[in-house]
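# Structure assessment
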Amino acid sequence: MRLWGRATFIRRRMLCLWLLLLGFALVTLALSDLFNRDWGHSDQRPGPPQRPVQRIPSAPDLEIILDSRDPALELGVDLAPLKSLQEDQLLFVPSTQGTKNPPQRRGSYKVLLPGAGKDATASPTHGEMGKAVRLHLEGTERDVELAAVQKYGFNEVVSTRISLHRRLPETRHPECLGEKYSESLPSASVVICFHDEAWSTLLRTVHSVLDTAPKQYLQEVLLVDDLSQHGHLKSVLSEYVTHLDGVRLIRSTKRLGVGGCRALGAARAAGEVLMFIDSHCECQKGWLEPLLERVAQDRTRVVSPIMDVIDWQTFQYNATQWPVRGVFDWRLDFHWESNPQMQDKGPDSAVQPVRSPALGGGVVAIDKHFFQSVGAYDPGMLLWGAEQIELSIRVWSCGGSMEVVPCSRVAHLDRHHLPYRLPDQEQLQRNKIRIADTWMDAYRKIFYRRDTLAHFIRQSESPNIAERLRLKRSLGCRNFHWYLTTVYPQLYIPQDRPALSGELYNVGTGSCADYPRGQGPQGGAMNVAPCSGTGSQHCDLNSELEVRWGPMGALCLDAKGETVVLSPCPTHRPSTSRLQWKFIKLSGQLVHQESQLCLEAVKEGGSSQSSPREVSTHTNTGSLFLRPCTHHPRQQWHFEQLVAPKGA
Ligand code: UDP
Ligand code: MN
């Protein structure tokens, strides 16, 4: 009995133990399921942990989808080189002239058809305005505008209030108005590529071309959609375009980027001269004829109008001062350079074109056959950036020329920021690497020292430029030395001597000499800031004893009283002793030749006198002054070269 009782007792305890174990196992299972579950996909089946489903980022809240019947376009960015000129990848929307459909409504969205409300301020029911109104419910007017700026890089709300047919004030030189052009100019195909452009700016560009270009020279306007995602650029745009005479819409099913998109437009163009125009431009009266005339006279001439500027905040139109020409610096960034000294003071100087080492991408006119024969755009340069510099070097080196034509003016909307995201930060550098390795010969080292990101990318990968090098050989293009000496002799060629060039590092503050951004090409005060390591603080102490600063090397270390500043370097030698510095390697002192004082970094808010107590106080921002020479660490400098490319 006792034995039986004991056995029962043991069995019960075993049972309890089993139950406990079972309960524990169940709880563990439930918990692990809980943690493995992807809450965005709650229908996921329980079981072994699965790979999380890749989520497609949802459309931004501000997006208005106009027509749900639109077939979904391919998402993401295709980076394959341009191979998409096959017919099957394109959707052509031919212009159906003379259609008399009345303005239509799609949901709450009223489509303003072309011709309606000419010269009137855009109606508040205008497509993009609808978006703004919706936004308005969610915040103040200021918030609405901020959201628009963030989305487009300009104040799109202001843009929607401006007529699609606004007239620009006359800014051409009076002598231009009397100019006569040939009766038989070649025909033009205006190619407008766009990716997610705002409705108002895109259509204002199109209407401005139609309103200003004489019909007899305008073969067509080709709108090329580079895989836009915004709803208003889908069927509503297709429909709008069918009501415009001579406008065709081509849609690419691959994201081509600026160069690829233009090459596609060019391949479809019927006109003799290609006019590449950005999707946010406004043409001044009479802009087309002077450009066509210059190309007609010499088919290897590539020309640009004076690019006026539309303000990204106010949409105010600002005329650019003549003369102006396009240039680029050693970081391969493009600039328009307004320089009154450039002007030849002859009687025709206001109407005479000026040769230009480069042209911007905003508006370029080029003969179609010349464009194709000189190699169109480099198909290896993807998405955005530096393609206009590549075209410029190539055109000049391979037998063409470039100029700005002053009697033609087109305004370009200079945005606050690029509205589309590049897939990685390095795309622009990769485009520049192609230019450096294809066109710059040994001079490419100067670029790599000033763009260290490009240098490091180049160290780990080689661009595939074999095709472009073959083209260069087959066209018999000249070398970069020829380009620099013949076309662009104004560009300073840095010497970049070891230990006398690089970031100017200050021992006492642990920071580098720096030129605060936004002070412009005329110069301003220098300071010290954290060393960037990107090449943006690179300078070059040359054999003329000038410390040349910036990617152009056109600013020189100078002194105004005891303050150290940058000012434009002399274009004619010799340099004055005010701009000359001697570097004493042993002590690290940089001695100003005129005053015989030393360059000293002074920490922010600190005493301007060297005192031993301050040695231990490390700060990394401050100003630069001239001081009597001492051996204080804040007067000790090193030129730190960040990059020594192969063979440098
Ligand atoms: N663009 C394009 N595909 C892209 C990026 C830009 O078709 O991947 C268009 C863009 O809409 C514009 C032109 O190419 O009409 C030049 O680009 P953007 O205006 O952004 O260059 P920026 O004038 O700022 O240098
Ligand atoms: Mn642009």
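Refer to the structure above for everything that follows.
Here is a short report on the structure shown in this document. (Residues numbered from 1 in each chain as written. Chains lettered and ligands numbered in written order. Predicted model: local features only at pLDDT ≥ 70, side-chain atom pairs only at ≥ 80, totals over all residues. Heavy atoms only, no water.)

### A closer look at the pattern of salt bridges
Opposite charge on two side chains permits pairing when their charged atoms draw close. Summed over the entire model, instances satisfying the criterion amount to 31 salt bridges. The residue Asp-367 makes a salt bridge to Arg-299 at a minimum N-O spacing of 2.7 Å. Note that Asp-367 is positioned in strand β14 (residues 363–367) and Arg-299 in the loop between α9 (288–297) and β9 (301–310), a separation of 68 residues in sequence. Assessed through its relative accessible area of 6%, Asp-367 is described here as buried. One network of salt bridges, with partners in common, ties together Asp-378, Glu-390, Arg-394, Arg-434 and Arg-468. (Salt bridge = Lys/Arg side-chain N within 4 Å of Asp/Glu carboxyl O. Helix = DSSP H or I, 4+ residues; strand = E, 2+ residues; numbered from the N terminus. Buried < 20%, exposed > 50% of the residue type's maximum accessible area, 1.4 Å probe, protein only.)

### What to know about the coordination of the manganese ion (ligand 2)
Ideal donor angles around a metal are set by the shape: a four-donor tetrahedron calls for 109.5 degrees, a six-donor octahedron for 90 or 180 degrees. Taken together, the protein ligands of the manganese ion (ligand 2) are Asp-278 (OD), His-280 (NE2) and His-412 (NE2), with distances of 2.1 to 2.2 Å. Counting gaps between the donor residues of the manganese ion (ligand 2) yields the pattern D-x1-H-x131-H. Placement of His-280 in the loop between β7 (273–277) and β8 (281–283) and of His-412 in strand β15 (residues 401–413) is noted, with a sequence separation of 132 residues between them. A residue is classified by how much of its surface remains accessible, and His-412, at 16% relative accessible area, is buried. (Donors = N, O, S within 2.8 Å, 3.2 Å for Na, K, Ca; no water.)

### A short note on the packing of aromatic side chains
In the structure shown here, the tally under the stated rule is 14 aromatic pairs. Seen in terms of ring centroids, Trp-199 and Tyr-240 are 5.2 Å apart; in terms of plane orientation they differ by 85 degrees. Their pairing is edge-to-face. Placement of Trp-199 in helix α6 (residues 199–212) and of Tyr-240 in helix α7 (residues 235–242) is noted, with a sequence separation of 41 residues between them. Both residues of the pair, Trp-199 and Tyr-240, belong to the buried class. An aromatic cluster is built from Phe-328, Tyr-443, Phe-480, Tyr-483 and Tyr-488, whose rings are joined through pairwise contacts. (Phe/Tyr/Trp six-rings, centres within 6.5 Å; stacked < 30°, edge-to-face > 60°.)

### With respect to the site of ligand 1
Inspection of the region around ligand 1 gives 17 residues, with Cys-193, Asp-226, Ser-279, Arg-415 and Tyr-420 positioned closest. One nitrogen or oxygen atom from the side chain of His-280 is found 3.0 Å from an oxygen atom belonging to ligand 1. Arg-415 places a side-chain nitrogen or oxygen 2.3 Å from an oxygen atom of ligand 1. For ligand 1, whose unbound accessible area comes to 520 Å², protein coverage reaches 88%. Among the secondary structure elements, those contributing two or more residues to the shell around ligand 1 are β4 (188–194) and α8 (257–268). When residues of the shell around ligand 1 are assigned to their parent elements, the largest contribution, three residues, is made by α8. (Near = heavy atom within 4 Å. Polar contact = N/O pair within 3.5 Å; in protein donor to acceptor, adjacent residues only side chain to side chain. Areas by Shrake-Rupley, 256 points an atom, 1.4 Å probe, with all protein chains shown as cover.)

### As for the pairing of strand β25 (residues 589–592)
The side-chain alternation of β25 yields two buried faces, one formed by Gln-589 and Val-591 and the other by Leu-590 and His-592. Counting the residues in the hairpin turn of strand β24 (residues 581–584) and β25 gives four residues, including Gly-588, whose phi is positive at 75 degrees. (Pairing = 2+ DSSP bridges.)

### Looking at α8
With 12 residues, α8 should reach 16 Å at 1.5 Å per residue; the first-to-last C-alpha distance of 17 Å fits that figure. Within α8, 10 of the 12 residues are buried, which leaves it mostly tucked inside the rest of the structure. Taken as a whole, α8 has its buried residues at Gly-257, Gly-259, Gly-260, Cys-261, Arg-262, Ala-263, Leu-264, Gly-265, Ala-266 and Arg-268. (Expected span 1.5 Å × (residues − 1).)

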